[in-house]
Structure formats: C-alpha cells, structure tokens
Amino acid sequence: MHPRSWLFVPADSEKKIAKALDSDADAIIFDLEDSVAPANKAIARDVLKGLTKRSEGPQWWIRINPVGSHFHKDDLHLIGVAEIYGIVLPKAEGGADVTQLAHRTGNIPIHAIVTETAASLFGLLSYRDPKSPLAAMSWGAEDLSAALGASSKYDATGELSFTYKLARSLCLAGAVAAGVQPVDGVFADFKDEAGLRAEAEAARREGFTGKLAIHPAQVSVINAAFTPSDEEVRHAEEIVAAFEAQPNAGVLSVGGKMVDRPHLVQAQRVLERSR
Ligand code: COA
Ligand code: MG
C-alpha cells in the first residue's frame, strides 16, 4: 500500500532519527541531501550503516544527493549496506535520470522529486517506463523557487504562485501517467496545523495519495487527511454494491445522484485506500 506520510529526518541527527522511528509515519526518509551540511555527509552515512530495522514498521528510504553532485557516488555505496527499502532522488529532470540510477542500484524502488530545477518542468511525461523501479513522484517548491531566481513562492495574497501550482499539477499528472504514487510536497510551516490540514486535504481531493513531512507533528494530520472517512467509505460501498446488483447497468442512481463508470472507479479506489 502507498505510504500516506513520508517523514524526512536529517540523517546526521541520531536524536531526530530516534524520534522519527517513534512516530507513526508510513515511510521515513533519511536525508543525506539538503538538510545535512557538506562536513556532515560522511557522519550521516555512518549513522545509517549502524541502524537496524525491525521487520514491521515504516518503509525506510534514503534521500541521496543528486546525480552529478560530488556526494552522489558515496551515497550509493550505502545500498546493500544500510537497511533501506528505496532511494529518494532529488532534482530529477526526467525518466533518464531514474533509468540511470536504477542501473547503478540494482533496481531498488525509487521515489523521484521531479520539479526542483527549471528544466525539470519540461520532463514530466518522461517517467513512463513500465520496466522502471520508479514507485513515487513528489514535487518541491523550495529548490524550484531558488533555481528560478524567485524571491518568494507566494503571490501577494499569500497563495502559491502560478508557477508552483503548475509544478504541482504536472507532478500529479506525470505520476499518474507513469503509474506511480503522486506525493504532495512539504508544508514547511510545521507549527501551522490548520494550514497543513487544509493543504493535505486539498491534495487528497486532487488525487495525491500521500504527502512529504518535515516534522513528527505533521504525521498524524497527514495520515488522517489521506485516510478515507467512514462517511466516504459508506458511500463508496453503496456505489460498488449498486453496480454489483446490476452488472449490466452503465449508469445508476445512488442516493438521488447519477453515478456511472468514473464514479465506480473512484469508489473502488476509496475502498482500496481504506484497507
Ligand atoms: N524527525 C524527527 N524528529 C524531529 C524532526 C524530524 N523531522 N523535526 C523535529 N524533530 C524533533 C526535534 O529534535 C525535537 O526533539 P526534542 O523535543 O527531543 O528536542 C522535537 O521533534 C520538537 O521539534 P521542534 O523544537 O518543534 O523543532 P526544531 O526546531 O527542533 O526543528 C526543524 C525544526 C525544521 C529543523 C526540524 O523539524 C527538521 O530537521 N526537519 C527535517 C528537515 C529536513 O529533513 N529537510 C529536508 C527535506 S525538505
Ligand atoms: Mg531540497
């Protein structure tokens, strides 16, 4: 099942790692990239080598440094040494980056962050490769705004500017086109719980099935936002039951509303997510 919450933790902080492992995150991303200073990259790798995973619990991912970075190769040496489920690749610019990484890593699952450079926005349809170990795609606004020379990712009203909304939508459609999990980006203001909830619920309504987190306090809000409510499950069960009762019907009335095939697909998805 797709992780709802993907919690980042700087891999050079044993204290934060202990907290992350204690959280209810569905996936933990041990970060070797932006949250770890160059002088600490080697220490962070050693910390990861020393961790032992329990058989149950969250998936363990590592975010390596990007292709072309000075640290990328040494990060790859962790594969087969540290207990990791998959790799998060930042600053990906297209499917070719994923294919190249897959060749180097023996096809372990990859989660690509796909909107962090200017060029990346033009590559979002290139991730469709049925042989690829790509499992998820997420988007990032912080690096993109730095790359574009923006002074802020927000417009004057405090909403995300058009460019970042575009990046977000392209990530969603690109991930669905590639048949992988669409994951919404981080909400950096970790003290604003209501803001996080609103953003996560909006992402879920649009089709994202999970969200990146940067603080343990964000995990329960995200898990809740991506878990269908009892009400939604009941409604979905009604739709599925109605079509089961009349398998040859194309369109039906459920609760006084028209439902046809797209509604059935949505209902089946809700039931799948609720399991
Ligand atoms: N994972 C695990 N534990 C975390 C955590 C995280 N992502 N973020 C904070 N904590 C811990 C703190 O260490 C602190 O522990 P303590 O009570 O034992 O001191 C506790 O949770 C409360 O943290 P708080 O004081 O609210 O925040 P902070 O000022 O210590 O940290 C950040 C704020 C942003 C530096 C921190 O949340 C962080 O490092 N986030 C991850 C950043 C990251 O990985 N970025 C890369 C992806 S964009
Ligand atoms: Mg970054």
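Residues numbered from 1 in each chain as written. Chains lettered and ligands numbered in written order. Predicted model: local features only at pLDDT ≥ 70, side-chain atom pairs only at ≥ 80, totals over all residues. Heavy atoms only, no water.

Undergrad: Break down the packing of aromatic side chains for me, citing the residues and quoting the values.
TA: Enumeration according to the criterion identifies 3 aromatic pairs in this entry. Through a chain of ring-to-ring contacts, three or more aromatic side chains come together here, namely Trp 6, Trp 61 and Tyr 85. The ring of Phe 71 is capped by Lys 41, whose NZ or CZ atom sits 5.0 Å from the centre of that ring. (Phe/Tyr/Trp six-rings, centres within 6.5 Å; stacked < 30°, edge-to-face > 60°. Lys NZ or Arg CZ within 6 Å of the ring centre and 35° of its normal.)

Undergrad: Report on the sheet that holds strand S3 (residues 59-63), specifying residues and quantitative values.
TA: In a beta sheet, neighbouring strands pair by backbone hydrogen bonds and run either parallel or antiparallel. Pairing is parallel around the closed barrel formed by 8 strands, whose spatial order is S1-S2-S3-S4-S5-S6-S7-S8. For this sheet, the mean inter-axis angle between neighbouring strands, taken without regard to orientation, is 25 degrees. Here 5 bridges tie strand S1 (residues 5-10) to strand S2 (residues 27-31), and the two strands are oriented parallel to one another. Bridge assignment links Pro 10 to a residue of S2, and that residue is Asp 31. This element, helix H1 (residues 14-22), spans S1, S2 and S3 of the sheet and lies at about 165 degrees to S1. (Pairing = 2+ DSSP bridges. Helix = DSSP H or I, 4+ residues; strand = E, 2+ residues; numbered from the N terminus. Axes fitted to C-alpha atoms, helices over the stretch in contact; angles between N-to-C directions. Contact = heavy atoms within 4.5 Å.)

Undergrad: Explain the site of ligand 1 to me, and be specific about the residues and the numbers.
TA: The environment of ligand 1 is made up of 15 residues, and the closest members are Phe 8, Lys 15, Lys 16, Ile 214 and His 215. Contact distances for ligand 1 include 3.1 Å between an oxygen atom and a side-chain N or O atom of Lys 19. In isolation ligand 1 has 880 Å² of accessible area, and contact with the protein removes 64% of it. Secondary-structure elements contributing two or more residues to the shell around ligand 1 are S1 and H1. Here the residues of the shell around ligand 1 sort into 8 nonpolar, 2 polar and 5 charged. (Near = heavy atom within 4 Å. Polar contact = N/O pair within 3.5 Å; in protein donor to acceptor, adjacent residues only side chain to side chain. Areas by Shrake-Rupley, 256 points an atom, 1.4 Å probe, with all protein chains shown as cover. Nonpolar A, V, L, I, M, F, W, Y, C, P; charged D, E, K, R; others polar.)

Undergrad: Please give an account of the coordination of the magnesium ion (ligand 2) that cites residues and values.
TA: Looking at the magnesium ion (ligand 2), the protein donor atoms are Asp 34 (OD) and Asp 143 (OD), and they sit 1.9 to 2.1 Å from it. Placement of the pair is Asp 34 in the loop between S2 and helix H2 (41-49) and Asp 143 in helix H5 (residues 142-148), with a sequence separation of 109 residues. Note on Asp 34: relative accessible area 47%, which makes it partly exposed. (Donors = N, O, S within 2.8 Å, 3.2 Å for Na, K, Ca; no water. Buried < 20%, exposed > 50% of the residue type's maximum accessible area, 1.4 Å probe, protein only.)

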